[in-house]
Amino acid sequence: MERLGVTETFAGISLPGHLHTKESLHFATTFPFRDTDVLIVTYPKSGTTWMQEILTLLFSDGDAGPARTIPNWERAPWLEQTYFKEALRDTGGPRLITSHLPARVLAPALQRARPKVIYVARNPRDVAVSFYHFHRLAKFLPEPGSFDAFLGRFLEGSVQYGSWFEHVKGWLGQRQLLDIFYVTYEELHQDLPGAARRLGAFLGRAPSPETLRSLERHCSFAAMRDNAMANYSLIPREIMDHSRGRFMRKGVVGDWHEHFSPLQSALFDRVYREQMGGVALRAPWHVA
Ligand code: PPS
């Protein structure tokens, strides 16, 4: 498989060379956004696929057809990946686009056109756990080693896609300059219809009660786990080794409790306090 073992370095962060090239990354930073575009931005494992599914259902007015027949990566392609140019559909309506890139790289292009940006954040402890397991099945990511070693790299920001802290701080820093809707994975868990209603208001598409009911049904963890267009089971085994785990792994809040030792938890809290002290972040997770 092409470039599976290659690591691309861009703007100081490393990214899987299987999905990115210097050209695709440069293209992303100079992309001519339209003000009608809707951009989902996340640090990996924060609820990207979930938000892609939610927006698919919102924009189809609850019709599950597109979510059932088109893979998520085509419905909301990744701006920075090599396939983006061919995948982007010019439907005349809002174009759904996804990105994991940091704000400092994308902000100039976004400030020129001011599309709608939806930023999804998740408790970084759960992100670290989910990312660790994903490294085990994704052949385009390095072997993670032990969870302890992986967590150390996650906290210092040397994992692929860079630092979670820099990502969140960078995008929060754009709140005055861009049209950003900020939501957490935990809020989606707690009240999906409520979050979908707020999203609809932000996007100027108030969902009907039927749309919300359909969205709730099709965007549940169980429905998405069984939807081949959202669960990555279509990706060949050479690229994602499904025998080593599922993309739709657990889908819960607080799985970190099952993985962190008291020592790891204390280290995590110290780094979190150092990195996030003074940052105004509306986050449902608690840090000691
Ligand atoms: S990626 O690779 O960055 O696109 O991954 P991403 O989609 O951001 O995150 C994957 C995690 O999100 C969970 N997920 C869900 N949780 C609850 N409900 C729904 N509907 C849902 N869809 C995806 C998925 O299970 C991954 O989390 P973990 O903790 O590993 O289970």
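Residues numbered from 1 in each chain as written. Predicted model: local features only at pLDDT ≥ 70, side-chain atom pairs only at ≥ 80, totals over all residues. Heavy atoms only, no water.

### Observations concerning the pattern of salt bridges
At step 1: Evaluation of the coordinates by the stated rule reveals 18 salt bridges.
At step 2: For Arg 244, the salt bridge identified is with Glu 143, shortest N-O distance 2.8 Å. Of the two residues, Arg 244 is situated in the loop between α13 (221-225) and α14 (262-276) and Glu 143 in the loop between α7 (124-137) and α8 (147-156); the sequence distance between them amounts to 101 residues.
At step 3: Given the relative accessible area of 26%, Arg 244 is considered partly exposed.
At step 4: The exposed category is assigned to Glu 143, whose relative accessible area is 52%.
At step 5: Between Arg 213 and Glu 210 there is a salt bridge, with the nearest N and O atoms lying 3.6 Å from each other. (Salt bridge = Lys/Arg side-chain N within 4 Å of Asp/Glu carboxyl O. Helix = DSSP H or I, 4+ residues; strand = E, 2+ residues; numbered from the N terminus. Buried < 20%, exposed > 50% of the residue type's maximum accessible area, 1.4 Å probe, protein only.)

### Some thoughts on the environment of Val 287
At step 1: Turning to its location among the elements, Val 287 is positioned in the segment after α14.
At step 2: When the C-alpha positions of Val 287 and Phe 221 are compared, they lie 26 Å apart, and in sequence the two are 66 residues distant.
At step 3: The residues contacting Val 287, other than those within four sequence positions of it, are Arg 125, Asp 269, Tyr 272 and Arg 273. (Contact = heavy atoms within 4.5 Å.)

### Notes on the pairing of strand β1 (residues 7-10)
At step 1: With burial as the criterion, only one face of β1 is covered, namely that bearing Glu 8 and Phe 10; the residues Thr 7 and Thr 9 on the opposite face remain uncovered.
At step 2: By the bridge criterion, four bridges tie β1 to strand β2 (residues 13-16) in an arrangement that is antiparallel. Residue Glu 8 lies in a different strand from β2, and its bridge partner there is Leu 15.
At step 3: From the end of β1 to the start of β2, which pair antiparallel, there are two residues, and Ala 11 there has a positive phi angle of about 50 degrees. (Pairing = 2+ DSSP bridges.)

### Digging into the sheet that holds strand β5 (residues 116-121)
Pairing between the strands of a sheet comes from backbone hydrogen bonds, and it takes one of two forms, parallel or antiparallel.
At step 1: On the basis of which strands lie adjacent, the open sheet formed by four strands has the order β4-β3-β5-β6 and parallel pairing. The sheet is open, and its two borders are formed by β4 (96-99) and β6 (179-184), each paired with just one other strand. Neighbouring strand axes in the sheet, compared pairwise and without regard to direction, differ in orientation by 20 degrees on average.
At step 2: By the bridge criterion, six bridges tie β5 to β6 in an arrangement that is parallel. Across the sheet, Ala 121 pairs through a bridge with Thr 184, a residue of β6. (Axes fitted to C-alpha atoms, helices over the stretch in contact; angles between N-to-C directions.)

### A closer look at the site of the ligand
At step 1: Neighbouring the ligand are 22 residues; Thr 48, Thr 49, Ser 130, Tyr 185 and Lys 250 lie closest to it.
At step 2: Contacts to the ligand include His 100, whose side-chain N or O atom sits 3.3 Å from an oxygen atom.
At step 3: Alone, the ligand offers 640 Å² of accessible surface; in the complex the protein occludes 97% of this.
At step 4: Counting residues per element, the ones that place at least two in the shell around the ligand are α2 (48-59), α10 (185-190) and α13.
At step 5: Across the shell around the ligand, the residue classes break down as nine nonpolar, nine polar and four charged. (Near = heavy atom within 4 Å. Polar contact = N/O pair within 3.5 Å; in protein donor to acceptor, adjacent residues only side chain to side chain. Areas by Shrake-Rupley, 256 points an atom, 1.4 Å probe, with all protein chains shown as cover. Nonpolar A, V, L, I, M, F, W, Y, C, P; charged D, E, K, R; others polar.)

### Here's the deal with α14
Since the α-helix advances by 3.6 residues per turn, residues separated by three or four positions end up pointing in the same direction.
At step 1: Under the 1.5 Å per step criterion, the end-to-end length of α14 is 21 Å for 15 residues, consistent within 8% with the ideal 21 Å.
At step 2: Burial in α14 covers these residues: Gln 264, Ser 265, Phe 268, Asp 269, Val 271, Tyr 272 and Met 276.
At step 3: Along its buried surface, α14 packs onto α7, α8 and α9 (164-172).
At step 4: Of the residues flanking the end of α14, it is Gly 278, one or two places downstream, whose phi is positive at about 85 degrees. (Expected span 1.5 Å × (residues − 1).)

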